[in-house]
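Architecture at a glance
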Amino acid sequence: MSQALIDQARKVMEGNDRGSYTVPTHGLYPFQWNWDSALSALGFSHFDMDRAWVEIETLMAHQWDDGMVPHIVFHEPDDGYFPGPEVWQTGRPVPTTGITQPAVAGFALRKLYDRAEDKAVARARLTKLLPKVHAWHQWFYRDRDPENTGLVAIIHPWESGRDNSVDWDEGLDAVPIEGVAPFTRRDTTHANPDHRPSDEQYKCYIWLVEHFRGLGWDNPKLHDASPFRLVDPGFNGILTRSCDDVADLADVLGNLSIASEARAMATKGREALESLWNPALGQYTCYNRVTGRLQDTPSVGGLLAAVADVPHARAEALARRIGLLAERCGYLVPSHDPANDAFDSQRYWRGPTWLIVNYMIAEGLARSGQTEMAKRIHANSLHLIEKSGFAEYYDPISGEPCGGSSFTWTAAMVIEILKNLKVAA
Ligand code: DGY
């Protein structure tokens, strides 16, 4: 059974492969997305190691001079997606967006290097990639943490990757949508509108893009100029973990300056995460940097911080919290607590379960000794695939498939989970 699933997953990935990058899925997402790509590389690494490196090399080839790595690279024109390059107007030779996404590339590189059989080839590729990934992390702490707190803010919900999470509702109230240019959404022609963000949210998304475009995509200015500045524990957890992974890889390469800088960033980031602990909920929650308030929204962002080698007691509490969520749904890990009024079982990041998030939470919990919960999350993930195929995300109550289908990173995670289970067995 598991080999059959791996074969199917590989077919999905190959169907979305455009040679040097993969699209998340045909139609809905026709370009290269940042964190999709880095996580998809993990799937490739089990059957084509060269292709896995190429995926990240292509992404990093489009890094901006200041270190920022954009959230979409528009390799080929495709008018089936909105907002395309004509809206972003970032002036790049190959058009890109002007915002970023969760920094999973460092995390993925570490796994690629560890798995590589030919370490000489892997070292050569790493030697070129590692300084770029480190520069991206430096950019984060420079331009998205101007007060040097150890926590970076996102300035657009799309940066989080969790576009319409309940976490952003309060922050988006501060985004004035008057004057936003009229537009036609394309996503709702490819996917069920009930599974997607609302029109009101889209107006905020586009207002923010127009606002930053008006500031010439001048990164040092954007943080303070944004009416939306949210500190996401999951986003920061991923960044912290990637800094750790970059530090370890820099040790392998003998690059002492990157190693010590990256380790210092990780240590500071991990300590600062503690300020996002929400004792009433028993998980981390988002901090609204505009209002100066720790939010009470019980989303998966606060559980995703498990990837950051958090203190033992925190990992234990997160596993407990996920156990509680398991009593409220059939398929872990829901992107929002089903007991909360704002939960919506099929609407994108307001309830559905996502395999990439499951994978990262389980990976972090297992490293922190919470192996039973990690196994449970893996088992739930595989049940979803067996029941509903390689969807973009799933209804956590019924297990129904939602959003796009034949999804690259879902397939990559299936390969990753099954291959890792085999190794562990
Ligand atoms: C979309 O277009 O839905 C993406 O999530 C933005 O990155």
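Residues numbered from 1 in each chain as written. Predicted model: local features only at pLDDT ≥ 70, side-chain atom pairs only at ≥ 80, totals over all residues. Heavy atoms only, no water.

1. Examining the sheet that holds strand β6 (residues 287–288)
What counts here: The pairing criterion is simple: DSSP has to find at least two bridges between the two strands. Strands are runs of DSSP state E lasting at least two residues, helices are runs of H or I lasting at least four, and both sets are numbered from the N terminus onward.
Pairing is antiparallel in the open sheet, where three strands are placed in the order β3-β6-β7. If you trace the sheet from one side to the other, it starts and ends with β3 (230–231) and β7 (293–294), each paired once. Where β3 meets β6, two bridges bridge the pair, whose relative direction is antiparallel. Bridge pairing links V231 to Y287 in β6.

2. Describing the nonpolar core
Using the following cut-off: We call a set of buried residues a nonpolar core when its members are Ala, Val, Leu, Ile, Met, Phe, Trp, Tyr or Cys and they connect through side-chain atoms within 4.5 Å of each other. Note on exposure labels: buried denotes an accessible area under 20% of the residue type's maximum, exposed denotes more than 50%, and partly exposed covers the range between, all computed with a 1.4 Å probe on protein chains only. The contact rule is simple, with two residues in contact once any of their heavy atoms fall within 4.5 Å.
Ranked by internal contacts, the top residues of the largest apolar core, which has 141 residues, are L39, M360 and I361. Looking at this core element by element, the count peaks at nine residues for helix α6 (residues 119–143). When near neighbours in sequence (up to four residues on either side) are disregarded, I361 contacts V300, L303, L304, A306, I322, V333 and I377.

3. Things to note about the packing of aromatic side chains
Quick note on the threshold: In this analysis, rings of Phe, Tyr and Trp, with Trp reduced to its six-membered ring, are considered paired at centre separations within 6.5 Å, and the interplanar angle assigns stacked below 30 degrees, edge-to-face beyond 60, and tilted for intermediate values. Sitting over a ring, as applied to charges here, requires NZ of Lys or CZ of Arg to be within 6 Å of the ring centre and within 35 degrees of the ring normal.
Following the criterion strictly, the structure yields 26 aromatic pairs and no others. Summarising the aromatic geometry, the rings of W139 and F140 are spaced 5.0 Å apart at their centres and angled 55 degrees between planes, so their arrangement reads as tilted. F140 shares its class with W139; the two are buried. Taking the centre distance of 6.2 Å and the plane angle of 55 degrees together, the rings of F212 and W217 count as tilted. Per residue, the accessibility class of F212 equals that of W217, and both read buried. Taken together, the aromatic side chains of Y29, F31, W33, F74, Y81 and F407 make up a single cluster linked through ring pairs. Stacked on the ring of F44, the Lys or Arg R51 has its end atom at 4.5 Å from the ring centre. The ring centre of Y202 lies 3.9 Å from the NZ or CZ of R185, which sits over that ring.

4. Considerations on helix α12 (residues 233–253)
To keep things clear, this is the line we draw: In this scheme, a helix's expected span is set at 1.5 Å multiplied by one less than its residue total. In protein, a polar contact means a hydrogen-donor-capable atom and an acceptor-capable atom, both N or O and within 3.5 Å, with residues adjacent in sequence counting only if both atoms are side-chain atoms; elsewhere, any N or O pair within 3.5 Å suffices.
Spanning 21 residues, α12 covers 30 Å between terminal C-alpha atoms, matching the ideal 30 Å at 1.5 Å per step. Of all 21 residues in α12, 17 are buried; the element is thus mostly enclosed. One side-chain oxygen of the residue at the start of α12 lies 2.9 Å from the amide nitrogen of G234, identifying that residue as D232.

5. With respect to the environment of R350
In this fold, R350 is placed in the loop between α15 (312–326) and α16 (355–367). Spatially, the C-alpha atoms of R350 and F31 are 24 Å apart, while their sequence positions differ by 319 residues. Only 2.8 Å separates the side chain of R350 from the side chain of D169, close enough to count as a polar contact.

6. Some remarks on the pattern of salt bridges
Heads up, the condition is: Any carboxyl oxygen of Asp or Glu within 4 Å of a side-chain nitrogen of Lys or Arg constitutes a salt bridge here.
Tallied over the full model, the rule gives 33 salt bridges. For D114, the salt bridge goes to R110, with nearest N and O atoms at 3.2 Å. Within this pair, D114 and its partner R110 are both found in helix α5 (residues 105–115), separated by four residues, close to a single helical turn. A salt bridge links E363 to R241; the shortest N-O distance between them is 2.7 Å. Here the residue E363 occupies a position in helix α16, and R241 occupies one in helix α12, the gap between them amounting to 122 residues. A relative accessible area of 13% means that E363 is categorised as buried.

7. Thoughts on α5
A large share of α5 lies buried, amounting to eight of its eleven residues. Every buried residue of α5 is listed here: A105, G106, F107, A108, L109, K111, L112 and Y113.

8. What about the packing of α6 against α12?
Note the cut-off: Orientation is described by lines fitted to C-alpha atoms, with helices fitted over the stretch in contact, and by angles between N-to-C directions that extend from 0 to 180 degrees. Orientation categories follow fixed angle ranges, with anything under 35 degrees roughly parallel, anything over 145 roughly antiparallel, 65 to 115 roughly perpendicular, and all other angles oblique. Left-handed describes a crossing whose near helix is turned anticlockwise from the far helix by less than a right angle; the clockwise case is right-handed. Polar here means any residue other than Ala, Val, Leu, Ile, Met, Phe, Trp, Tyr, Cys and Pro, which are nonpolar, and Asp, Glu, Lys and Arg, which are charged; Gly is therefore polar.
In the contact formed by α6 and α12, the axes pass within 10 Å of each other and the chain directions differ by 140 degrees. Compared by their axis directions, α6 and α12 come out oblique. Of the two elements, α6 crosses α12, and the hand of that crossing is left-handed. Contact with α6, carried on its side by R123, L126, T127, L130, V133, H134, H137, F140 and Y141, involves F235, L239, T240, S242, C243, V246, L249, A250, V252 and L253 of α12 and no other residues of that element. Across the contact of α6 with α12, the residue classes tally to 13 nonpolar, five polar and one charged.

9. Remarks on the site of the ligand
Formally: Any residue with a non-hydrogen atom lying within 4 Å of a molecule or strand is treated as near it. Shrake-Rupley sampling with a 1.4 Å probe provides the accessible areas, and residues are treated as covered by the protein chains on show and by no other component.
As a matter of local geometry, the ligand sits amid Y29, W33, H71, Y81, W158, D163, R196, Y202 and Y348. Separating an oxygen atom of the ligand from a side-chain N or O atom of H71 is a distance of 2.7 Å. Contacts to the ligand include R196, whose side-chain N or O atom sits 2.8 Å from an oxygen atom. Isolated, the ligand exposes 230 Å² of accessible area, and the fraction of that covered by the protein chains is 96%. When the residues that make up the shell around the ligand are grouped by side-chain class, the tally is six nonpolar, one polar and two charged.

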